[in-house]
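# Descriptive structure summary
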Amino acid sequence: MKQLAQLGVTEGPWSLVFDGYDPSREGIREALCTLGNGYFATRAAAVWATADGTHYPGTYLAGGYNRLRTDIAGRTVENEELVNLPNWLALSFRIADQDWFDEKTATLLSYRQELDLRRGLLLRTVRFGDTQGRRTLLKEQRLVSMADMHLGALEMTLTAENWSGRVTVRSAIDGRVVNAGAKLYREFNGKHLEPMAGEVVGNDAIYMLVRTCQSDIRIAQVVRMQAFLDGKLLESRRAVTKETSYVGQELEVDLIQGQELSLEKLAYLYTSRDYGISECGFAAHRAMALAERFEATKANHVASWANLWQRFDVGIQPADPGFTLNVPMLLHLNMFHLLQTVSVHSIGLDIGIPARGWTGEAYQGHIFWDKLFIFPFFNHRVPEITRALLTYRFRRLGEARAAAKSAGYNGAMFPWQSGSDGTEETEPLNMNPRSQRWVPDNSHLQRHVGSAIAYNVWQYFQVTEDIEFLQFYGAELILEIARFWSSMASFNEHRGRYEIRGVMGPDEFHDGYADAAMPGINNNAYTNVMAVWVLCRAKEVLDLLSAVRCGELTERLCISPEEVARWDDISRRMYVPFHDDGVISQFDGYNTLRELDWDDYRTRYSNIQRLDLILESENDSPNRYKLSKQADVLMLFYLFSAEELAELLTRLDYPFSYDSIPKSVTYYAARTSQGSTLCRVVFAWVLARSDRPRSMTFFTDALQSDVMDIQQGTTAEGVHLGAMAGTVDLIQRVSTGIEAKGGVLRLNPELPPEMENLDMRIRYRGQSIDLQLTRDSLTVRGHDRHVAAISLCVAGEACDFVGGSTRVFSLTR
C-alpha cells in the first residue's frame, strides 16, 4: 500500500492536507473534504467547478430522497436515491479577456487544500499564472455551519500579485444538476428536480425554488454574494443571467497590483419538510435578511465545533513518535465525518444513517445495517442522537409489518436497503462492470438486518436506562422482530431443532446453492444465533415493561402466552451448523463446498476483493466455493464477548470451548477476500488480544481505507461511514474494554503497546465521565454532582461511582 505522502497528503493531528493538484484523485478529495452539519452536506468541489468527469459538485439534504423509473435492458427499473440539490457554491471569475478560470488549463504555481478538522473548515490556496504572465493568489475558506443548520458560507479572495486590470465575477445557483455521481447508476434516470422559481433578491442576492418530481420536497435557496475591495463593500451594478434552473449575477471590478478582492457568499437552504416555518422560501429570505458577514458566521461555527470536540474527541498519544501512520489525524477525520453526518441538528429529523454518509451517491444514499458499527460512538457521548435515529426505524414499523405479512410471516421484516419510507430498495438486478451483464441481486434476503436493529435498541437501553423509550418505542421494535424470527423458524423433525431457511448472511457472496432453482441459503449461523439472542431479549423486555404497558402491547400485538413459550423453545433448540473440529460453519452445506485457489486468483487479478464479480465474469459463481466477501461467522465474536457467546450456545445445548474462537478466526481469515471496509474492522477486533500484529494490520487498513481508497475507486462516490465509526470504536473498546451490561458499566482496560495514553469523555446513565488511561492506571472522573451513583466495575473491581467524584484504579500486574 502506498504511503499517504506519495498521494500528496501531508497532515498534522487536526489537518488533512493535500499538496498539489491531481485530477485523478479529485473525486476522492471532494468526498473526503465534504462539509456537513447533520442537516445538509456539500462536497468539496472547487467553487468554479461543474460535473465534468474530474469534479462532481454535490449538495445533499439528509433524508432527501426521490423515486424515478428508467427503461433499461428491456425492463422498467424503479429506484429511489438521495437527490443532488442545486449547487450553491457556483462562483467563477476571469481576468481581463481570458477564459473563465479552470485549474486544468491554468498554469498552477502551487495548489494546497486543507480540511481543518478542529474548526470544520475547508481551506484552499492556489497561486496561478496565465498566458500574459499575470500571477494571482486565490484563497478560499468554506463551511457548512454547525451553529445554524440551514447555512453554508464561503469566502474567496483574489490578490493581483503583479498586474492591474479588470476581473469579472459570476455568482450563481445552478439547479441544472442531475444525479450522475455513482458509476453503477449512471444509466438510470437522474433528473430529480423541477424548477419552480428563480429570481434576483435586492442588489446582491439570488433565490431559487425547486421540487423533487416524485417525493415533492420543495427546496429553497437564497444566496448572497458581497464583494469587498481592500475591505470596502462594493455597490457595483450587476448583470443578471437567468436560464431554466439557473440564476446568476455578474459584476466587474478593476484591480490594481497588490489589491485584494474578497468575495463572501452565504447560502440559506430550507425545505418544505422543516419544522417551525410557514414556507421554505419565506424562511430562506427571512434568514438572509438577518445574516451577518462571513467572519461572524465562521466564529459561531468554530465555537460549535469546539463544543462538539469537547464531548466526542478521543485523544491518543502514540508510543512511538516515529510511527509512520498519523493515527490521531485519521481518527479525527473519521470522527469528523460521523459528526457531520448526524449531529445535534439531526435530533428531531426523520433520518437514518446512510452507509456512505451524505458525501456522495454510492448505494443511492440508502440505509443498511451499518448503525451496528456506528451507534457505539454516539451511545457513549450524545445518546439523544442514537434515540432520534432509532425512531427512524420505529416510524417505518408499519411498512416492515406489511413486508412480513406479504412474505407469509408475522411481526416486522425490515428491508436490507431502506430510504424514505422503509420499503425494500434493493434493486433486483445489478450490472457487473467486468462482464457487462445484469445479474440478480438477492441481497434483500439479508434478514439479519432486523436483528441489528434489535441489538441497537438494546445497547442504547443498556447505556441510558431510558425506560420511557423502551416502553413506547424500543420494546415494540424488539417484540415485532422476535415475532418475525419465530414465524420464520420451522421445526425439523429429523434434527429435533428449528431452522431458518432461504436467507443470506453478512458474507454477501453466497446468495444460494449452486444450480438451485431458488435463491437463499439455510441456517446461516450468524442469522440463527442472532435470532436466538433477539428472542431472549424479547422475553426480557416483557419483564422490564410496566404491567400496564406490557398488557397494552401484548394485547395490541396479539402476543399470547403460547407464542412467548414458542420463543423460549426456539431459543433453546435452534440449529447451528458446526464443522467436525468445532468451528462454527457459516451455513448448512458450507463444508461441502470447494476450496478456491487463492494464489491463482491473486496472480491473475491482483485485486480480488470483489471475487463475486470476477467469478461471474468467468461464468462461475462464489456459491461453489468456501470464500467470503466479509466477516460472517466472525460477526458473532465482534458483537458478543466469549462469555456471552458461550451462554447462547450452552442455552442451545451445543458444546463451546474458548479455543474454538482462534480456530474460527484462523479458518475464516484464510477464506475472506476483504471485499468490504467493515470486514477489516471486525478482523481487527477479533484478533486484538490474540494476534496483535495482524490486528494492527487490519486496523491500519480500516483506518485509512478512504484516504487511501483501498477499494480502488469507491471513495469518490462517498466515504465508508461504518468503517470510520468502527475504527474509533476499536480504539475505545480495545483500550478500555468498555461494556454496558446488566446495569453495570464495565471497563477492562489494557492499553495497546502502540499507545502511550488515551483520554476520552463518555456519558453513562446521566453521568458525564472522563477516562484517562495510562499503562499503570485508569482515572475515572465524574463531572456531575447531582446525579445518581452508577455501578462501575474496573478490571473486576466493583464499586458505586458517585457523581462528581474521582477514582484511580491501579493496573499494575
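One structure accompanies this document, and this report is about it. (Residues numbered from 1 in each chain as written. Predicted model: local features only at pLDDT ≥ 70, side-chain atom pairs only at ≥ 80, totals over all residues. Heavy atoms only, no water.)

## Focus: the sheet that holds strand E18 (residues 246-255)
Applicable threshold: Any two strands with at least two DSSP bridges between them are considered paired. Helix numbers and strand numbers start at the N terminus; a helix is a DSSP run of H or I with at least 4 residues, a strand a run of E with at least 2. Axes here mean lines fitted to C-alpha atoms, for a helix over just the part in contact, with angles spanning 0 to 180 degrees between N-to-C directions.
On the basis of which strands lie adjacent, the open sheet formed by four strands has the order E7-E12-E18-E17 and antiparallel pairing. Edge positions in the sheet fall to strand E7 (91-95) and strand E17 (239-243), since each of these pairs with one other strand and no more. Sheet twist, expressed as the average angle between the axes of neighbouring strands with direction ignored, equals 20°. With five bridges joining them, E7 and strand E12 (residues 165-174) adopt antiparallel strand pairing. By the bridge assignment for E12, Arg-94 is matched with Thr-168.

## Quick look at the side chain of Asn-528
Stated precisely, the cut-off is as follows: Accessible area is worked out with a 1.4 Å probe on protein chains only. A residue is then buried under 20% of its type maximum, exposed over 50%, and partly exposed in between. Residues adjacent in sequence count toward polar contacts only when both atoms are side-chain atoms; beyond that, a polar contact is any pair of N or O atoms within 3.5 Å, and within protein one must be able to donate a hydrogen and the other to accept it. In this analysis, two residues are considered to be in contact whenever any of their non-hydrogen atoms come within 4.5 Å of each other.
Along the chain, the position of Asn-528 falls in helix H10 (residues 525-544). Taking the relative accessible area as the measure of exposure, Asn-528 reaches 0% and is therefore buried. Polar contacts involving the side chain of Asn-528 include one to the main-chain carbonyl oxygen of Tyr-575, which spans 2.8 Å. For Asn-528, the residues in contact, after removing those within four places along its chain, are Ile-500, Asn-523, Met-574 and Tyr-575.

## Things to note about the sheet that holds strand E4 (residues 40-42)
Strands sit in the order E3-E4-E5-E6 across an open sheet of four strands; the sheet is antiparallel. Looking at strand neighbours, the two that pair on one side only are strand E3 (35-36) and strand E6 (75-84), the edges of this open sheet. As judged from the two bridges shared by E3 and E4, these two strands associate in the antiparallel manner. Paired with Gly-36 across the strands is Ala-41, a residue of E4.

## Concerning the nonpolar core
Nonpolar side chains in soluble globular proteins generally cluster together in the buried interior. Selection criterion: For the purposes of this section, nonpolar cores are sets of buried Ala, Val, Leu, Ile, Met, Phe, Trp, Tyr and Cys residues that join through side-chain atoms within 4.5 Å.
Ranked by internal contacts, the top residues of the largest apolar core, which has 232 residues, are Leu-261, Trp-369 and Met-635. When residues in this core are grouped by element, the largest group, 13 residues, is from H10. Core analysis: the next-biggest nonpolar cluster, separate from the first, contains 19 residues, Leu-143, Ala-153, Ala-220 and Leu-266 among them.

## Describing helix H8 (residues 449-464)
Residue pairs spaced three or four apart in an α-helix point in one direction, given the helix's 3.6 residues per turn. What counts is decided by this rule: For a helix, the expected span equals 1.5 Å multiplied by the number of residues minus one.
Given a rise of 1.5 Å per residue, 16 residues ought to cover 22 Å, and the 23 Å separating the end C-alpha atoms of H8 matches this to within 8%. For H8, a buried count of 15 out of 16 residues is recorded, marking the element as mostly surrounded by other parts of the structure. Glu-465 sits one or two positions beyond H8 and adopts a positive phi of about 55°.

## Structural notes on unusual backbone geometry
Here the phi dihedral of Gln-674 falls at roughly 55°; this positive angle occurs in a residue that is not glycine. Within the secondary structure layout, Gln-674 lies in the loop between helix H17 (660-669) and helix H18 (677-686). The buried category is assigned to Gln-674, whose relative accessible area is 10%. Even without a glycine there, the phi angle at Arg-765 is positive, about 50°. Considering the arrangement of structural elements, one finds Arg-765 in the loop between strand E27 (755-764) and strand E28 (767-773).

## Examining the packing of aromatic side chains
Let me state the cut-off plainly: Stacked, tilted and edge-to-face are the three classes applied to pairs of Phe, Tyr and Trp rings, where Trp contributes its six-membered ring and a pair requires centres within 6.5 Å; stacked means planes under 30 degrees apart, edge-to-face means over 60, and tilted covers the rest.
Going through the model one piece at a time under the given rule, you end up with 39 aromatic pairs. Judged by centre distance (5.8 Å) and plane angle (85°), the ring pair of Trp-369 and Phe-373 falls under edge-to-face. Side by side, Trp-369 and Phe-373 carry an identical accessibility label, which is buried. Summarising the aromatic geometry, the rings of Tyr-667 and Tyr-668 are spaced 4.9 Å apart at their centres and angled 85° between planes, so their arrangement reads as edge-to-face. For Tyr-667, a relative accessible area of 14% translates into the label buried.

## Observations regarding the pairing of strand E2 (residues 15-19)
By the criterion of burial, E2 is predominantly enclosed, with four of the five residues buried. Examined bridge by bridge, E2 and strand E8 (residues 107-116) share five bridges and lie antiparallel to one another. Paired with Val-17 across the bridge in E8 is Glu-114.

## Re the environment of Leu-544
Mapped onto the secondary structure, Leu-544 falls in helix H10. We classify Leu-544 as partly exposed; its relative accessible area is 35%. When the C-alpha atoms of Leu-544 and Thr-70 are compared, they prove to be 49 Å apart, with 474 residues separating the residues in sequence. When neighbours within four sequence positions are excluded, Leu-544 is seen to be in contact with Trp-458, Phe-461, Ile-467 and Leu-470.

## Digging into the environment of Val-83
Mapping Val-83 onto the fold places it in strand E6. Expressed as a C-alpha distance, the spacing of Val-83 and Tyr-60, which sit 23 residues apart in the sequence, is 6.3 Å. Leaving out residues up to four positions away in the same chain, Val-83 has contacts with Thr-59, Tyr-60, Gly-64, Tyr-65, Asn-66, Asn-179, His-192, Leu-193 and Thr-212.

## Focus on the pattern of salt bridges
Between side chains of opposite charge, a pair can form when the charged atoms approach closely. To keep it simple, the criterion reads: What makes a salt bridge here is a side-chain nitrogen of Lys or Arg within 4 Å of a carboxyl oxygen of Asp or Glu, nothing more.
Inspection of every chain in the model, using the stated rule, returns 59 salt bridges. Note that Glu-243 and Arg-176 form a salt bridge whose closest N and O atoms lie 3.4 Å from each other. Taken together, the residues Glu-243 in strand E17 and Arg-176 in the loop between E12 and strand E13 (193-201) connect sequence positions 67 residues apart. For Glu-243, a relative accessible area of 45% gives the class partly exposed. Here Arg-176 falls in the partly exposed class, since its relative accessible area comes to 45%.

Taken by themselves, the reported measurements are silent on function.
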